[in-house]
Each structure stands twice: as C-alpha cells, then as structure tokens.
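Close look at the chain arrangement
Chain by chain, the residues:
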Amino acid sequence: MNGLVAGPLNVHIGRRPILHDVTLGPLARGTVTALLGPNGSGKSTLLRALAGLLPAHGPITLNGQALSSLSRPAHARLCAYMPQALPPPIRMQVMESVLVSLRVQGGSLHDEAFSQAMETLSRLGIADMALRFMDELSGGQRQLVGLAQALVRSPDLLLLDEPLSALDLRHQFTVMDLLRRETKKRRMVSVIVLHDLSMALRHTDVATMLAKGRVLASGPVREVVTSAILAQAYGVQARVEDDASGMPMVCVDGVV
Ligand SMILES: Nc1ncnc2c1ncn2[C@@H]1O[C@H](COP(=O)(O)OP(=O)(O)OP(=O)(O)O)[C@@H](O)[C@H]1O
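All residue numbers here refer to positions counted from 1 along the written sequence of the relevant chain. Side-chain atom pairs in this predicted model are given and counted only at pLDDT of 80 or more, local residue features only at pLDDT of at least 70, and totals for whole chains, interfaces and linings cover all residues.

Going by the annotation in an unreviewed UniProt entry, the name recorded for the protein chain is ATP-binding cassette domain-containing protein, with Acetobacter estunensis given as the source organism.

As structure tokens, this is what we get:
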C-alpha cells in the first residue's frame, strides 16, 4: 500500500499515557495533511512517534514498509522531521548546516549536494543567506533554514512541527505554497502541525484533529474544520466562511 498508514497507536512518555488508539491515514503520496488540535492534545507527540523518536505501540507503515523494522540510518533516509524548536543559533554557516542535514542520510556527500542545497535555499528565497552564520540570523530566518534542512533531503515522509510559527505573513504563504508543490512533485507524504486553521483550510488536503490524545475527526480538511468540531476541540464558537475570492477562512466569535 502506497502512502502512510499508522495505528492504532498508543504512546507513553514515562508512565504517562499520551496518545490513545490514534489512527492516521491512509495518507496518499503527494498529499499534505494538517495535524490540528488544541495545546497539549498530542500533535508533537504523534509527529515524534512517526519520526521514530518516541516508541509507539502499534504499526506505522510507509509505502508498504514497516518503519519500526528499519535501522536509524534507513529511517532517516525515508523521513525528514523538523521539530517545533527553531534551529539553534550556532556558529555554523547556513550552507554547511544544510549539507550536514544531507549527511544524516548516511554516506559521503555526492557531487550534486552543493547545487541541491543551493537550489533548496533558492526555492525558499534565502539563497543570499548561504554564507551567513546561524547565530547571526533572526528567528524566522533560522526557521526557513530549518525547512531547507528538511526539504533538501527529498524524503518520502516529511514531518513539520509548526513550520510557520516564526514567519511573517508573506513567508507563511510562500512556504505553504512551496510545500504543497514540492509534496506533489516529489510524491511525498507531508504531515504538518498547524495552529492557523485558515491556513490549513487553504493549503492542505486532509486533516486530523486531535483532542486529549485521541482522534476527534479525520478526513478532507473542510470536513474536519467545521463549527461543530471546532466547538468540541477548542471550546470556541466559530464559523467557516468563504471570503470574497472564494477562499475559506475561520472566524471566531467567542468561547463556548
Ligand atoms: N516529556 C514529557 N513528559 C511528560 N509529559 C509530556 C512530555 N512531553 C509532552 N508531554 C505531555 O503530552 C501531552 C501532549 O503534548 P504535545 O507536545 O504532544 O502536545 P501538542 O498538541 O503538540 O501541544 P502544543 O500545541 O502546545 O505544542 C501534554 O499533556 C504534555 O504535557
């Protein structure tokens, strides 16, 4: 089976149960999935479990292959994960940090590594930062570098935890647009944690809404981001409306 299928998954951190019988997918190749839910609902935990960074009880298969059966390097070749925390402001040039990310996949760098890294920086609009040092960049600029580090690896599974949190309005749109195009072109499965529900409506294909470590709803994003589900998940009174150009947006009127 192509794409990602996970669950039912149960995840404990220490003795604490965090995820309860969570299922995800099947998520087809070439699609972007939004992982939604209130603070503490388990989004990052699920992403880390998919990335193989937390032990999960339950099956996770990618393109028919059980991820749990893979060695760390083999897992890293298939899957790129960008955590919620921004890349640290260390004394390393941007280009070097992107090349280091390519090396996570194991082996030595191939001849095209440099041009591949440069092309990824260009697509994100930060080619001019290639020789700058990470500890001289703003938070948003470092987040764009973090995205370059993930994208340059052309993974089969792209996992991004709040990739827009430090970005300005223009970059939020250009990054989501780029992620959608790259996901289609490279036939990746992309799973992205987002708090901006209008962004999810406009730029993702399917969504899973978590609440208290369980799946509340799953399916096409417009069927998941609804007044009823938002009331249940977040405790807000909200409407989903189309703006003048027909694009969906979430308007919050208050709390329930
Ligand atoms: N290291 C840990 N030890 C114990 N509990 C943890 C740990 N990390 C996370 N948790 C708990 O797991 C639950 C889910 O956390 P998680 O970070 O997955 O939520 P989230 O949906 O990503 O939240 P947010 O939107 O705030 O980032 C929370 O109740 C949190 O307190």
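From this point, the narrative continues.
To continue, consider the site of the ligand. We call a residue near a molecule or strand when its C-beta atom, built from the backbone, sits within 6 Å of it. As a matter of local geometry, the ligand sits amid Ile 13, Gly 14, Arg 16, Ile 18, Gly 37, Asn 39, Gly 40, Ser 41, Gly 42, Lys 43, Ser 44 and Thr 45. For the shell around the ligand, the secondary-structure elements that each account for two or more residues are β2 (16-27) and α1 (43-50). Strands are runs of DSSP state E lasting at least 2 residues, helices are runs of H or I lasting at least 4, and numbering of each runs from the N terminus. Counting residues per element, the shell around the ligand draws most heavily on α1, which supplies three residues.

To continue, consider the packing of helix α3 (residues 94-103) against helix α5 (residues 139-151). Axes here mean lines fitted to C-alpha atoms, for a helix over just the part in contact, with angles spanning 0 to 180 degrees between N-to-C directions. The interhelical angle for the contact between α3 and α5, taken along N-to-C directions, is 35°, at an axis separation of 8 Å. Handedness of the crossing formed by α3 with α5: right-handed. Contact with α3, carried on its side by Val 94, Ser 97, Val 98 and Ser 101, involves Val 145, Ala 148 and Gln 149 of α5 and no other residues of that element. Residues are grouped as follows: nonpolar covers Ala, Val, Leu, Ile, Met, Phe, Trp, Tyr, Cys and Pro; charged covers Asp, Glu, Lys and Arg; every other residue, Gly included, is treated as polar. Residues belonging to the contact of α3 with α5 are distributed by class as follows: four nonpolar, three polar and no charged. Each crossing gets its handedness from the near helix: less than a right angle anticlockwise from the far helix is left-handed, clockwise is right-handed. Here, residue contact means that the backbone-derived C-beta atoms of the two residues sit within 7 Å.

Moving on, we come to the sheet that holds strand β6 (residues 79-82). In this description, strands pair whenever DSSP reports at least two bridges between them. Read from one edge to the other, the open sheet built from six strands follows the order β6-β7-β8-β3-β9-β10, with strand pairing classed as mixed. Of all strands in the sheet, those with a lone pairing partner are β6 and β10 (214-220), marking the two edges. Across the sheet, the mean angle from the axis of one strand to that of its neighbour is 15°, orientation sign disregarded. Inspection of the sheet shows strand β9 (residues 206-211) paired to β10 by six bridges, in the antiparallel sense. Residue pairing across strands places Leu 210 opposite Val 215, the latter belonging to β10. Packing against the sheet, α5 makes contact with β6 and β7 (157-161), and its axis sits at approximately 170° to β6.

So, on to the environment of Asn 2. Along the chain, the position of Asn 2 falls in the segment before β1 (4-13). Residue burial is a threshold on neighbouring C-beta atoms within 10 Å of the residue's own C-beta, all placed from the backbone, with 20 or more meaning buried, 12 or fewer meaning exposed, and counts in between meaning partly exposed. In this structure Asn 2 comes out as partly exposed when scored by C-beta crowding, with 15 C-beta atoms within 10 Å. Each C-alpha atom of the pair Asn 2 and Arg 29 lies 6.8 Å from the other, and the pair is 27 residues apart in sequence. Contact partners of Asn 2, with chain neighbours within four places excluded, come to Ala 28, Arg 29 and Asn 63.

So, on to the pairing of strand β3 (residues 31-36). The buried fraction of β3 is high, at six of six residues. Alternating residues of β3 divide into Thr 31, Thr 33 and Leu 35 and Val 32, Ala 34 and Leu 36, and every residue in both groups is buried. Looking at chain direction, β3 and strand β8 (residues 189-193) are connected through five bridges and run parallel. Note that in β8 the partner of Ala 34 across the bridge is Ile 192. Relative to β9, β3 runs parallel, the two sharing four bridges. Across the sheet, residue Ala 34 finds its bridge partner in β9, namely Ala 207.

We now examine the nonpolar core. In a soluble, globular protein the nonpolar side chains are often hidden away together inside. Only buried residues count toward a nonpolar core: Ala, Val, Leu, Ile, Met, Phe, Trp, Tyr and Cys, linked into one set through C-beta atoms within 7 Å. Counting 69 residues, the largest nonpolar core has Leu 47, Leu 50, Leu 159, Ala 200 and Ala 207 as its most contacted members. Ignoring any residue separated from it by four or fewer positions in sequence, one finds Leu 159 in contact with Leu 47, Leu 50, Ala 51, Cys 79, Ala 80, Tyr 81 and Val 191.

As a further point, take the pairing of strand β12 (residues 248-255). In terms of burial, β12 is a largely surface element, zero of the eight residues being buried. For strand β11 (residues 236-242) and β12, the ladder comprises seven bridges, and the chain directions are antiparallel. The residue of β12 that forms the bridge with Val 236 is Val 255. Between the antiparallel neighbours β11 and β12 lie five residues, among them Gly 246 with a positive phi of about 85°.

Here we come to helix α9 (residues 227-234). Turning to α9, its buried residues are Leu 230, Ala 233 and Tyr 234. An end-on view of α9 places all buried positions within 75° of arc, on one side of the element. Buried residues along α9 sit in contact with β9, β10 and β11. What the arc covers is the set of directions going from the helix axis to the C-beta atoms.

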